[in-house]
There are 2 protein chains.
Amino acid sequence: MSTKPYKGFEPKWVKEVAPAKSYRSIFRWGDPEYVKYPKESLFKLMKEKFKMTDEDFQHYDGDIGMAEVELPQMPSNIPQKHLEALKEIVGENFVTTEDYPRLAVAYGKTGYDALRLRAGRIDSLPDVVVYPGTTEEVERIVAYVTEHGIPLYVYGGGSSVTRGVEPVKGGISLDMRKRFNKVLSFCEVDQTITVQPGISGPQLETALNEAVKRFGAKRAYTCGHFPQSFEYSSVGGWVVTRGAGQNSTYYGTISDIVLSQKYATPLGVFETSHYPREATGPDLNQLMMGSEGAFGVLTEVTLKVFRYQPENRVRFSYIFKDWETSMAAAREMMQCECGMSSVFRLSDPEETNLMLRLYNVDDTPVWNILERKGFKDMERCLFLGFTDGEKGFSKNIARNIKKIAKAAGGMSLTGMVTKSWEKGRFTDPYLRDTLLDFGVMTDTIECSVNWSNMAKVHKEVREVCHALPNTIVTTHMSHCYPQGANLYFIFITRMDDADRFKAYHATILDAIQKSGASMSHHHGIGKMFGPWLEGQLGHVEYGAIRALKEYFDKNYNLNPGGTLGLDLPESEKRYLRADKR
Amino acid sequence: MSTKPYKGFEPKWVKEVAPAKSYRSIFRWGDPEYVKYPKESLFKLMKEKFKMTDEDFQHYDGDIGMAEVELPQMPSNIPQKHLEALKEIVGENFVTTEDYPRLAVAYGKTGYDALRLRAGRIDSLPDVVVYPGTTEEVERIVAYVTEHGIPLYVYGGGSSVTRGVEPVKGGISLDMRKRFNKVLSFCEVDQTITVQPGISGPQLETALNEAVKRFGAKRAYTCGHFPQSFEYSSVGGWVVTRGAGQNSTYYGTISDIVLSQKYATPLGVFETSHYPREATGPDLNQLMMGSEGAFGVLTEVTLKVFRYQPENRVRFSYIFKDWETSMAAAREMMQCECGMSSVFRLSDPEETNLMLRLYNVDDTPVWNILERKGFKDMERCLFLGFTDGEKGFSKNIARNIKKIAKAAGGMSLTGMVTKSWEKGRFTDPYLRDTLLDFGVMTDTIECSVNWSNMAKVHKEVREVCHALPNTIVTTHMSHCYPQGANLYFIFITRMDDADRFKAYHATILDAIQKSGASMSHHHGIGKMFGPWLEGQLGHVEYGAIRALKEYFDKNYNLNPGGTLGLDLPESEKRYLRADKR
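In this report, we go over the structure that sits alongside the text. (Residues numbered from 1 in each chain as written. Chains lettered and ligands numbered in written order. Predicted model: local features only at pLDDT ≥ 70, side-chain atom pairs only at ≥ 80, totals over all residues. Heavy atoms only, no water.)

A word on the sheet that holds strand 3 (residues 152–155) of chain A. Residue and element names in this part refer to chain A. Taken together, 4 strands build an open sheet; the order of strands is 1-2-4-3 and the sheet is mixed. On the outer flanks of this sheet lie strand 1 (95–96) and strand 3, each paired with one strand and no other. As paired strands, strand 3 and strand 4 (residues 172–175) are joined by 4 bridges and run parallel to one another. Its bridge partner being in strand 4, Leu-152 is matched across the sheet by Ile-172. (Pairing = 2+ DSSP bridges. Helix = DSSP H or I, 4+ residues; strand = E, 2+ residues; numbered from the N terminus.)

In structure tokens form, the structure reads like this:
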């Protein structure tokens, strides 16, 4: 994260480019050339928290994955006739059974995936990877797998942290990155864009920013959806998992941004309607979002787009005395009806402690002023964000936020802290790889909470996290609403075993459900959270999802093996809510 | 509408209170004591348009429904054992087989209903009316009808214009008005209220306005949902049909306002979750809204509530030169991201012609100024509304609307016209009864449209309406969004036969679908629009709704007889979209 040289001991952070076709090129985050590592003060903090010494950072903890992927023990088992059929559909060049491209789409990006790949543990592998280019090709593939009973998986951007993309039953994986990433149409009158779901965040955003040049539009537009995984996630992934961007407080989550969707299902084409609102029975758009590849393969999406007007953005940051006061202020900001801020993020004391260092506030005079003014370390809370929209709208929000923050005893730290946050917003995930080389795991769990239960969830989940050995847990509230918010837990701990990670993760997930929160605000369910879903929703409620699954895909060919818990044996399910038994 | 005496001939408008237990007390709108009739200039306009004379207004056109309801030819057919069972569940006093209470819940409020009742034509009648008081009672009733195969209907406020409440198969109707209308809880921290679905608009709004007194709250709140039927519709009806209030551009439709729902279904209790947003599979809240009593009976609803701050409201009205210019201005207001106006309503030239009279602008000097300034009758368009929310937010919207209106050549008519509109906003439905006594029918059809298709839908639907004999069709755009809006057609015509009305209505509905609009933005589907639904959504898409029906209520006991087209024979369905065949 910093290029400033260390004064003391500096670990040998892995800064080499991950070799082509290496394991590392698969499990590490994003751009193979980019590396991020902690600055010295953070490194020291970490050693202290985890009771580690420089000695622990002398040697890599296990394999760092530089070897080339070769899987002679795991050949493709797909019969030749299926291969021929797939080649006939998409063309010879877009079907492969080679080792590397198969492994490249086998895992997502949860810590469980990283730890397994670092250990060379390959639990799942597709038999064949197909790169479709058109809606019709995907429709033909879905019809083919339905006819022949072949498991079908979809790999969008691969940033899933729920084992959503993992082909646990083998079969076919559609890698959408290569060819299924085109803009299909743009409509300035309706302010919509229609895309193929394999398009990445930057591909979409660039097209919209360049709308004048690309589409002859009158002005530039933005997609409004910027998850931390923005650069390496796909629109399709956003949609089928019900994702949210960091600016969702203003722009909405993807479930607000999607106007219509087209799927290739085992029953044929399923196309939702594109009207701004309807009263024509249950909302089919909202029924397909969240289906996570289990009802059909998303082939086209129409998104609402927004005017690109960064010149109206007002950045702000405040420090509050404590969590309770700052939560109350955040709630007032959400409920006062002054309009919604775009980024809106409140860190709890433990996160604030870390973030002030991460944003380099510890290198400035502000650090000492804070203590003097009574904003005490491990009590104070950092709140930051920025507004978007028309100029007067944007200013009015910032004005109200300022008024409410001041009334709650908050002190402005100006927009500088926000700018530091912005700089790191898409690159923080790179830290995970660098730290994991020394056995320090960073991962996140998020949940959705109502205001009235926020303090309880925060307290109870953190208690459970802290009871786990050597754990830093930082928490922030983001994606806020008048009725509640997302609570985001980042845990950092010494961890070098995939199974131990899974158990650790499950313990936190249990705590989230027991505390009364919903187990996902925007990461989705996938296969990793699947065992908890029926227990969270309730038996009759969950049955509606299963009824839909059986309508669309009664033979369970689409994303089989635990997605949404749909084909899990009862014995693997977890029920934690007494009221939902 | 006016108490000003006519100068010329005045029809003998029916001003008497509808006698208790009379047919009129059932088919007429709302408060039995309240009467509204057109002022002289409007009466003259109408005669001219419909080629009617004073002679046509000398005598009532058929029966005005003053007789007492007596239905000896239509006895209740429910077996005694069922009656006993129902009495055991809700209590002796809350089960009736008497004629009047049965007929009182047999019809809704479409013109088809009014014409049938005026002609004494009773196509449907429940065998028994039950007045449940608690969630548990409703759950027991649903379990009972499921066990015994008895049709079950629900009557909320009775303002359905889709035959949604009509018990076409007899059986039981639950009349929710009497006892199922309580506030269950209020949470100021989350800004939510939980109610029984039989609660009416005013009961809910009063409770919220009086939150300080009633719930010990810190301030007053509002529900934000004000359909034209506000005074005589129920929260349950709003929810299960996906209704929208006239202020929905700011507050959202009911599908935005609902936080969670509880249903009694044949499978047991179905309770959706109450989190502000989730990524836990398909959205179950959005799956139940729009189910129109076909999946279960709604027993509890939690709604988001809003701060009551009418002091921040800014009223506006503008006149534009023509429909095209005004539509473009409205679109700019929706897309410029300055925040959303609360009421936002643009009338087309034909409606403007009528509305300027209805709002008494024809009695002021403005009337002549308009012509002089080049705002020509039957070209000019009236645009009005008001803003809500925090003061700066509200003002900023009004400021932007003014700027955009001016740039498009609009002239301000001040907030006075808006105030006139507000005065009539809940009482206009009373006009229908007064006019229908003389054979003049007023009814409405609405649809959802994208901006890019707005001009086409407006033109094509109006052409079809005008091809029908002696029809005034006024159109406005309301419930607006960045991607489109609701188009609302009000048709006024000579009409005294229910079957002719049905055919007439169907012709317009066909035109709406052919033009590419969605056939309902917020009225819902019920039994009247049921034949068109599969054709509009598509076969595979519609099948998902049927799969849910078969999951919840495989024996079709809940709201049977065509609701959402679910149990209609194929021969009665209408398919108008070639792309959805």
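Although it is not a glycine, Arg-163 of chain A sits at a positive phi angle of roughly 60 degrees. Among the structural elements, Arg-163 of chain A can be located in the loop between strand 3 and strand 4.

Turning to the interface of chain B and chain A, a few remarks are in order. Every contact between the two is made by 88 residues of chain B and, on the other side, 88 residues of chain A. Each partner contributes to the roughly 6800 Å² buried at the junction of chain B and chain A, and carbon and sulfur atoms together form 53% of this total. It is Arg-277, Glu-337 and Gln-483 of chain B that lose the most area in chain B upon contact with chain A, and together they represent 12% of the buried surface on that side. One can count 6 salt bridges joining chain B with chain A. For Arg-242 of chain B, the salt bridge identified is with Asp-283 of chain A, shortest N-O distance 3.6 Å. Joining chain B to chain A, the criterion identifies 51 residue pairs in polar contact (both at pLDDT 80 or more). With 10 residues, the single largest contributor to the side of chain B that touches chain A is helix 22 (residues 539–552) of chain B. Partitioned by chemical class, the residues of the side of chain B that touches chain A number 38 nonpolar, 33 polar and 17 charged. (Contact = heavy atoms within 4.5 Å. Buried area = accessible area lost by both parts, 1.4 Å probe. Salt bridge = Lys/Arg side-chain N within 4 Å of Asp/Glu carboxyl O. Polar contact = N/O pair within 3.5 Å; in protein donor to acceptor, adjacent residues only side chain to side chain. Nonpolar A, V, L, I, M, F, W, Y, C, P; charged D, E, K, R; others polar.)

Before going further, it helps to examine the environment of Gly-409 of chain B. All names here are of chain B. Relative to the helices and strands, Gly-409 is located in the loop between helix 16 (391–407) and strand 15 (411–412). On the basis of relative accessibility, which here comes to 38%, the residue Gly-409 falls in the partly exposed class. The sequence separation of Gly-409 and Tyr-318 amounts to 91 residues, and the corresponding C-alpha distance is 9.6 Å. If sequence neighbours within four positions are ignored, Gly-409 has contacts with Ile-319 and Phe-375. (Buried < 20%, exposed > 50% of the residue type's maximum accessible area, 1.4 Å probe, protein only.)

Attention shifts here to the packing of helix 5 (residues 111–118) of chain A against helix 20 (residues 498–514) of chain A. Residue and element names in this part refer to chain A. Relative orientation of the contacting elements helix 5 and helix 20 amounts to 170 degrees, with a least axis distance of 8 Å. Between helix 5 and helix 20, the angle falls in the class roughly antiparallel. Counted together, Gly-111, Tyr-112, Leu-115 and Arg-116 of helix 5 and Ala-498, Asp-499, Phe-501 and Lys-502 of helix 20 form the full contact between these two elements. Residue composition of the contact of helix 5 with helix 20, grouped by class: 4 nonpolar, 1 polar and 3 charged. (Axes fitted to C-alpha atoms, helices over the stretch in contact; angles between N-to-C directions. Parallel < 35°, antiparallel > 145°, perpendicular 65-115°, else oblique.)

Moving on, we come to the environment of Glu-48 of chain B. All names here are of chain B. Turning to its location among the elements, Glu-48 is positioned in helix 2 (residues 40–49). In this structure Glu-48 comes out as exposed when scored by relative accessible area, which is 63%. Sequence separation between Glu-48 and Thr-442 is 394 residues; the distance between their C-alpha atoms is 16 Å.

Glancing now at the packing of helix 3 (residues 80–90) of chain A against helix 6 (residues 135–148) of chain A. Residues and elements named next belong to chain A. One can describe the packing of helix 3 onto helix 6 by two numbers: an axis separation of 9 Å at closest approach and a directional angle of 160 degrees. One finds that helix 3 runs roughly antiparallel with respect to helix 6. For the element pair helix 3 and helix 6, the recorded crossing hand is right-handed. Taken together, the residues of helix 6 that come into contact with helix 3 (itself represented by Lys-81, His-82, Ala-85, Leu-86, Glu-88, Ile-89 and Val-90) are Glu-137, Arg-140, Ile-141, Tyr-144 and His-148. Here the contact of helix 3 with helix 6 is built from residues that sort into 6 nonpolar, 2 polar and 4 charged. (Left-handed = near helix turned anticlockwise from the far one by under 90°.)

Let us look at the environment of Glu-70 of chain A. All names here are of chain A. Mapped onto the elements, Glu-70 comes out in the loop between helix 2 (40–49) and helix 3. Residue classification places Glu-70 among the exposed residues on the basis of a relative accessible area of 53%. Here the alpha-carbon distance between Glu-70 and Asp-99, two residues 29 residues apart in the chain, equals 6.2 Å. Glu-70 has contacts with Tyr-23 and Asp-99, leaving out every residue within four places of it along the chain.

So, on to the pairing of strand 5 (residues 183–187) of chain A. All names here are of chain A. With 4 bridges joining them, strand 5 and strand 6 (residues 192–195) adopt antiparallel strand pairing. Of the residues in strand 6, the one forming a bridge with Cys-187 is Thr-192. If you look at the hairpin formed by strand 5 and strand 6, you'll find 4 residues sitting between the two strands, and Gln-191 has a positive phi there, around 55 degrees.

This brings us to the sheet that holds strand 16 (residues 440–450) of chain B. Residues and elements named next belong to chain B. The strand order across the open sheet built from 7 strands is 15-12-14-13-17-18-16, with neighbouring strands paired in antiparallel fashion. What marks the edges here is a single partner per strand, and that holds for strand 15 and strand 16. Two elements, strand 16 and strand 18 (residues 484–494), share 11 bridges in a ladder whose sense is antiparallel. Among the inter-strand pairings, Thr-444 is bridged to a residue of strand 18, identified as Ile-490. The strands that helix 13 (residues 323–335) touches are strand 12 (315–320), strand 13 (343–347), strand 14 (381–386), strand 17 (471–481) and strand 18; relative to strand 13, the one it contacts most, it runs at about 165 degrees. Against the sheet, helix 14 (residues 349–358) contacts strand 12, strand 13, strand 14, strand 17 and strand 18, and its axis sits at roughly 100 degrees relative to strand 17.

Now for the side chain of Thr-563 of chain A. Residues and elements named next belong to chain A. With respect to the secondary-structure elements, Thr-563 resides in the segment after helix 22 (539–552). Residue Thr-563 is classed as buried on the basis of its relative accessible area of 1%. In contact with Thr-563, other than residues within four places in its own chain, are Glu-292, Ala-294, Gly-526 and Lys-527.

By convention here, two paired aromatic rings are described through the distance between centres and the angle between planes. Residues and elements named next belong to chain A. One pass over the full model with this rule turns up 59 aromatic pairs over all chains. When the centroid spacing of 5.1 Å and the interplanar angle of 20 degrees are considered together, the rings of Phe-295 and Phe-552 count as stacked. Of the two residues, Phe-295 is situated in the loop between helix 12 (284–288) and strand 10 (297–304) and Phe-552 in helix 22; the sequence distance between them amounts to 257 residues. Take Phe-295 and Phe-552: they sit in the same class, and that class is buried. One aromatic cluster is present, formed by Tyr-6, Phe-9, Trp-13, Tyr-37, Phe-43, Phe-57, Tyr-60 and Phe-438 through successive ring pairs. Its end group placed over the ring of Phe-386, Arg-315 keeps NZ or CZ at 5.9 Å from the ring centre. (Phe/Tyr/Trp six-rings, centres within 6.5 Å; stacked < 30°, edge-to-face > 60°. Lys NZ or Arg CZ within 6 Å of the ring centre and 35° of its normal.)

Another point: the state of the cysteines. The bond known as a disulfide is covalent and runs between the sulfur atoms of two cysteines. Residue and element names in this part refer to chain A. If you walk through the whole model with that rule in mind, you get 0 disulfides over all chains. Considering cysteine sulfurs only, Cys-338 is the nearest to Cys-336, which forms no disulfide, with 3.6 Å between them. The closest cysteine sulfur to the non-disulfide-bonded Cys-465 is located on Cys-447, 10 Å from its own sulfur. (Disulfide = S-S within 2.5 Å.)

The next subject is the relation of the copies chain B and chain A. Once chain B has been moved 0.0 Å along the axis and rotated by 180 degrees, it coincides with chain A to within an RMSD of 0.0 Å. When the rotation and shift are considered jointly, the pair of chain copies conforms to a two-fold rotation axis. By residue overlap, the copies meet face to face through one surface: 100% of the interface positions of chain B are interface positions in chain A. (Least-squares fit on C-alpha atoms with pLDDT ≥ 70 in both.)

Further remarks concern helix 6 of chain A. All names here are of chain A. Taking 1.5 Å per residue, 14 residues should reach 20 Å; helix 6 reaches 20 Å between its end C-alpha atoms and fits that length. Buried residues of helix 6: Thr-135, Glu-137, Val-138, Ile-141, Val-142, Tyr-144 and Val-145, and no others. Contacts from the buried residues of helix 6 go to helix 3, strand 2 (128–130), strand 3, strand 4, strand 8 (258–265) and strand 10. Following helix 6 by one or two positions, Gly-149 has its phi on the positive side, about 65 degrees. (Expected span 1.5 Å × (residues − 1).)

Leu-204 and Met-477 of chain A together with Leu-204 and Met-477 of chain B are the most contacted members of the largest nonpolar core, which has 204 residues in total. Excluding residues that lie within four positions of it along the chain, Met-477 of chain A makes contacts with Trp-323, Met-327, Ala-330, Phe-344, Arg-345, Leu-346, Trp-451, Met-454, Ala-485, Asn-486 and Leu-487 of chain A. If you look at the next biggest cluster of nonpolar residues, it comprises 35 residues, including Tyr-37, Leu-42, Leu-45 and Met-355 of chain A. (Core = buried A, V, L, I, M, F, W, Y, C linked by side-chain atoms within 4.5 Å.)

Turning our attention to the pattern of salt bridges. Following the criterion strictly, the structure yields 79 salt bridges over all chains and no others. Between Lys-456 of chain A and Glu-460 of chain A there is a salt bridge, with the nearest N and O atoms lying 3.7 Å from each other. Of this pair, Lys-456 of chain A and Glu-460 of chain A both sit in helix 19 (residues 451–467), 4 residues apart, which is roughly one turn of the helix. Assessed through its relative accessible area of 39%, Lys-456 of chain A is described here as partly exposed. Judged by relative accessible area, Glu-460 of chain A falls into the partly exposed class, the value being 28%. Residues Arg-163 of chain B and Glu-166 of chain B are paired through a salt bridge, measuring 2.8 Å at the closest nitrogen-oxygen approach.

Residues and elements named next belong to chain A. Under the 1.5 Å per step criterion, the end-to-end length of helix 13 (residues 323–335) is 18 Å for 13 residues, consistent within 8% with the ideal 18 Å. Its side-chain oxygen placed 3.2 Å from the backbone nitrogen of Glu-324, Asp-322 serves as the N-cap of helix 13. Just downstream of helix 13, Glu-337 is the residue with a positive phi angle, here 65 degrees.

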